[in-house]
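# Survey of secondary and tertiary structure
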Amino acid sequence: MDVRIEPSWKEVLKEAFNKPYFNQLVEDIKQAYQQETIYPAAKHIFRAFELSPFTQTKVVILGQDPYHGVGQADGLAFSVAPGVALPPSLRHIFLELQTDLGVPLPPSGSLEVWAQQGVLLLNAILTVAAGKPGSHQKKGWETFTDAVIEAIALRKQQVVFMLWGNYAQKKAGFIDPAQHLVVKAAHPSPLAAHRGFFGHKPFSKANAYLIATGQQPIDW
């Protein structure tokens, strides 16, 4: 299948795009967009890949599925467009960043500046029906994003994987910790943030690892 996606990702994921499940996934998602309100906008489904080409990706932050509220999902995990109120998980991420590196709370919830530095902000499920969290589970997105994680883990070295919450940590089986840095913590949601997300200092850990492996740190 000819998928419109950033060229380096298109090459890396060409086998996935040609598998029967992916063809069925595309048909199901096209139909969903015709029948009800789906987030993000169709043009932003692969936005994380556009902003963070495979050749430049050095950090992966894995979310679950897009925000399901009006105007929230922008195609990047945990990110919202400028002017949109911060969802609780994103606010907690910014609070941890402030504690970890002293970065003041930003005026915008857009994480595009991270993505442009090689931070792949990847949701395990890339679409969701309005007001229905988890509604596009088990349609095939998980299989596709498994292939993404596996490709990064096998074809790149010294990548930082931030796996927040049990759902994200299921992807750890694809990652060799001898070849990459895996940072695990509780999810930043209100239900879990105080049980192991706050205080785990992911941003300083990531930058220390990138510097130690001769890479440019992220300007968080």
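Residues numbered from 1 in each chain as written. Predicted model: local features only at pLDDT ≥ 70, side-chain atom pairs only at ≥ 80, totals over all residues. Heavy atoms only, no water.

The next point concerns the overall build of the chain. Assigned secondary structure in the chain consists of nine helices and six strands. A compact globule built from 220 residues should have a C-alpha radius of gyration of about 17 Å, and the chain, at 17 Å, falls within 12% of that. Structurally, the chain occupies a C-alpha span of about 45 × 35 × 25 Å along its principal axes. The buried share of the chain, taken over its 220 residues, is 52%. Taking contacts inside the chain between residues at least 6 apart in sequence as the whole, the part at least 24 apart equals 66%. For the chain, the accessible surface area stands at approximately 10,200 Å², while carbon and sulfur atoms represent 52% of it. For the chain, the centre of its 20 positive side-chain charges and the centre of its 18 negative side-chain charges are spaced 3 Å apart. (Helix = DSSP H or I, 4+ residues; strand = E, 2+ residues; numbered from the N terminus. Rg over C-alpha atoms; globule rule 2.2 N^0.38 Å. Buried < 20%, exposed > 50% of the residue type's maximum accessible area, 1.4 Å probe, protein only. Contact = heavy atoms within 4.5 Å. Areas by Shrake-Rupley, 256 points an atom, 1.4 Å probe, with all protein chains shown as cover. Lys, Arg positive; Asp, Glu negative; His and termini not counted. Charge placed at Lys NZ, Arg CZ, Asp CG, Glu CD.)

Turning our attention to the packing of aromatic side chains. Tallied over the entire structure, the rule returns 18 aromatic pairs. Relative to Phe 144, the ring of Phe 22 has its centre 5.4 Å away and its plane inclined at 45°; by these criteria the two rings are tilted. A residue pair is termed long-range when its members are at least 10 positions apart, and Phe 22 in helix H3 (residues 20–35) and Phe 144 in helix H7 (residues 141–155) qualify at 122 residues. Residues Phe 22 and Phe 144 agree in their burial class; the two are buried. Ring centres of Trp 164 and Phe 197 lie 5.1 Å apart, and the angle between their planes is 85°; on these two criteria the pair is classed as edge-to-face. One end of the pair, Trp 164, is in strand S5 (residues 160–164); the other, Phe 197, is in the loop between strand S6 (181–185) and helix H9 (202–212), and 33 residues separate them in sequence. Taken as a pair, Trp 164 and Phe 197 share a single burial class, namely buried. Joined through ring pairs, the aromatic side chains of Trp 9, Phe 17, Tyr 21, Phe 22, Phe 46, Phe 49, Phe 54, Trp 141 and Phe 144 make up one cluster. Above the face of the Phe 54 ring, Lys 156 is positioned so that its terminal group lies 4.9 Å from the ring centre. (Phe/Tyr/Trp six-rings, centres within 6.5 Å; stacked < 30°, edge-to-face > 60°. Lys NZ or Arg CZ within 6 Å of the ring centre and 35° of its normal.)

Turning our eyes to something else, we now look at H9. Taken together, the buried positions of H9 are Pro 202, Phe 203, Ala 206, Asn 207, Tyr 209 and Leu 210. Viewed along the axis of H9, the buried residues span an arc of 160°, placing them on a single side of the element. Residues of H9 that are exposed and point more than 90 degrees away from the buried face comprise Ile 211 and Ala 212. Lining the buried residues of H9 we find strand S2 (59–63), helix H5 (88–101), helix H6 (112–115), S5 and S6. Backbone geometry just downstream of H9 places Gly 214 in the positive-phi region, at approximately 75°. (Arc of directions from axis to C-beta.)

Let's shift gears to the side chain of Ser 8. Considering the arrangement of structural elements, one finds Ser 8 in helix H1 (residues 7–12). A distance of 3.0 Å separates a polar atom in the side chain of Ser 8 from the backbone nitrogen of Phe 54. Excluding residues that lie within four positions of it along the chain, Ser 8 makes contacts with Pro 53, Phe 54 and Thr 55. (Polar contact = N/O pair within 3.5 Å; in protein donor to acceptor, adjacent residues only side chain to side chain.)

To continue, consider the environment of His 92. Examined against the element boundaries, His 92 turns out to sit in helix H5. As a C-alpha pair, His 92 and Pro 190 span 98 residues in sequence and 8.1 Å in three-dimensional space. In this view, His 92 contacts Pro 188, Ser 189, Pro 190, Ala 193, Phe 197 and Phe 198; residues no more than four positions away in its chain are not counted.

The end-to-end C-alpha separation of H5 is 20 Å, in line with the 20 Å expected for 14 residues at 1.5 Å each. Buried within H5 are the following residues: Ser 89, Leu 90, His 92, Ile 93, Phe 94, Glu 96, Leu 97 and Asp 100. Looking at the packing, one finds that the buried side of H5 touches H6, S5 and H9. Two residues or fewer after H5 comes Gly 102, characterised by a positive phi angle close to 75°. (Expected span 1.5 Å × (residues − 1).)

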